[in-house]
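Listed below, chain by chain, are the residues.
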Amino acid sequence: MIHDRTDPEGAIAAAAKRCSNWGRWGAKDVLGTLNFLDEAKRREGAALVRQGKSFSLAQRFEADGPQKGWRRRTNPVHTMLDTGLDAERGQGFPHGLGGADDVVFMPLQASTQWDGLGHIFDHGTAYNGRRAGDVVTSEGDRVTGIETTAGRIAGRGVLLDVGRAIGDDGELPDGFAITAEHLEATIAAQGETAHVGRGDLLLVRTGRLTRARRDGWGDYAGGDAPGLSFTTADWLHGTEIAGIATDTWGFEVRPNEFDVAFQPLHQVCIPHIGLFLGEMWDLDALAADCAADGVYEFFLAADPIPVTGAVGAPVAPVAVK
């Protein structure tokens, strides 16, 4: 529980001490909670494919996206290098061959993405007790860069549709703090296929993206939103999940639960638990199907683009039932 809204320093320090995974997998570990996602867990996830139905969980990467320039985060800028008109006029290739080519510029956290373990520090300290300056330099994350996850984020996915289970009309209001009790209540409401445990990739739907899709982006990026309560740190640590993703910009509830704070749950989850956080995932189509057939588990493949040294990266997750 948060006992003093005026003392984020004390609450963060206490949660960090309780939930630390430093040294759990050795001093050189760079994978954090992905260590829980082993070959057996991937086989378990693959066995969940029964119908062959697939769902894209990615928002579009386009100029008409949610970003408003905060900390130089912009929406993707897509530019054509060669077009069909260029092909019509001739591009110098033999026997009439023509082609189109393009380029994109964007922050790596412009849309659906994973936070890497080098994204957040606590008092200048990175995951596993390393000095932040030794980990991330002007050349990027030289230790826990997102490329270290390549080929690993695939296994059993489970959706907790908290928006449907707890909210009104499938949505939670902005500022709604999802507690461990809410998560457990959702598991109970959804039934056996919604159990959450070691090595799972957990998806939490709040309905915030649903509202943005209906009403416009507004303050979706950085504004008030439902999300995980700071008090869930112990639950996230104790369940031993491999990663967690939400349909919101910032994963945790906004405004944050202290009088003066900025993303305090990130400050525990990433540098101390070593937990991979996904943000801005599109869970609506999957959630509708899960509600229809009562099956909330599936195979999930969600590797980020392995940009060497990146502290976060885009992902195009696919859930298969």
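Right above here is the structure, for reference.
Here the structure is a predicted model, which means the values were calculated and not measured. (Residues numbered from 1 in each chain as written. Predicted model: local features only at pLDDT ≥ 70, side-chain atom pairs only at ≥ 80, totals over all residues. Heavy atoms only, no water.)

Enquirer: Got a sec to walk through the packing of aromatic side chains? Specific residues and values, please.
Expert: Enumeration according to the criterion identifies 6 aromatic pairs in this entry. Aromatic pair Trp 114 and Trp 281: ring centres 5.1 Å apart, planes at 75 degrees, arrangement edge-to-face. Taken as a pair, Trp 114 in strand E4 (residues 113-115) and Trp 281 in the loop between strand E12 (276-279) and helix H10 (284-293) lie far apart in primary sequence, 167 residues in all. Classification of Trp 114 as buried rests on a relative accessible area of 2%. With a centroid separation of 5.2 Å and an interplanar angle of 55 degrees, the aromatic rings of Trp 217 and Tyr 220 are classed as tilted. Assessed through its relative accessible area of 24%, Trp 217 is described here as partly exposed. For Tyr 220, a relative accessible area of 2% corresponds to the buried category. Three or more aromatic residues link up through ring pairs in this structure, and these residues are Trp 70, Trp 249 and Phe 262. (Phe/Tyr/Trp six-rings, centres within 6.5 Å; stacked < 30°, edge-to-face > 60°. Helix = DSSP H or I, 4+ residues; strand = E, 2+ residues; numbered from the N terminus. Buried < 20%, exposed > 50% of the residue type's maximum accessible area, 1.4 Å probe, protein only.)

Enquirer: Any details on helix H6 (residues 180-190)? Residues and values, ideally.
Expert: Looking only at H6, the buried set comprises Ala 180, Leu 183, Thr 186, Ile 187 and Gln 190. Viewed along the axis of H6, the buried residues span an arc of 125 degrees, placing them on a single side of the element. Away from its buried face by more than 90 degrees, H6 exposes Glu 181, Ala 188 and Ala 189. The elements touched by buried residues of H6 are strand E7 (154-161), helix H5 (162-166), strand E8 (177-178), strand E9 (201-205), strand E10 (227-228) and helix H8 (233-239). Phi turns positive, to about 95 degrees, at Gly 191, one or two residues after H6. (Arc of directions from axis to C-beta. Contact = heavy atoms within 4.5 Å.)

Enquirer: Give me the sheet that holds strand E15 (residues 318-320): which residues, what numbers.
Expert: Taking strand neighbours across the sheet as the criterion, the 9 strands line up as E1-E15-E13-E7-E9-E11-E12-E4-E14 in an open arrangement whose pairing is mixed. Edge strands, defined here as strands with exactly one partner in the open sheet, are strand E1 (54-56) and strand E14 (312-314). The sheet shows a mean angle of 25 degrees between the axes of neighbouring strands, direction not considered. With 3 bridges joining them, E4 and E14 adopt antiparallel strand pairing. Counted as the bridge partner of Trp 114 is Ala 313 from E14. Of the strands in this sheet, E7 and strand E13 (297-301) are in contact with helix H2 (residues 39-46), which crosses E7 at around 60 degrees. Against the sheet, H6 engages E7 and E9, with an angle of about 95 degrees to E7. (Pairing = 2+ DSSP bridges. Axes fitted to C-alpha atoms, helices over the stretch in contact; angles between N-to-C directions.)

Enquirer: Can you explain the nonpolar core? Please cite residues and give values.
Expert: Counting residues in hydrophobic clusters, the biggest one holds 57 residues, and the most contacted among them are Leu 203 and Trp 281. The element best represented in this core is helix H9 (residues 264-273), accounting for 5 residues. Counting residues in each nonpolar core, the second largest holds 6 residues, with Tyr 220, Ala 221, Trp 249 and Met 280 among its members. (Core = buried A, V, L, I, M, F, W, Y, C linked by side-chain atoms within 4.5 Å.)

Enquirer: Outline the environment of Gly 116, listing residues and values.
Expert: Its location among the elements puts Gly 116 in the loop between E4 and helix H4 (132-135). The class for Gly 116 is buried, based on a relative accessible area of 0%. In sequence terms Gly 116 and Glu 171 are 55 residues apart; their C-alpha atoms lie 28 Å from each other. When sequence neighbours within four positions are dropped, the list of residues in contact with Gly 116 reads Ile 146, Ile 270, Phe 276, Val 311 and Gly 312.

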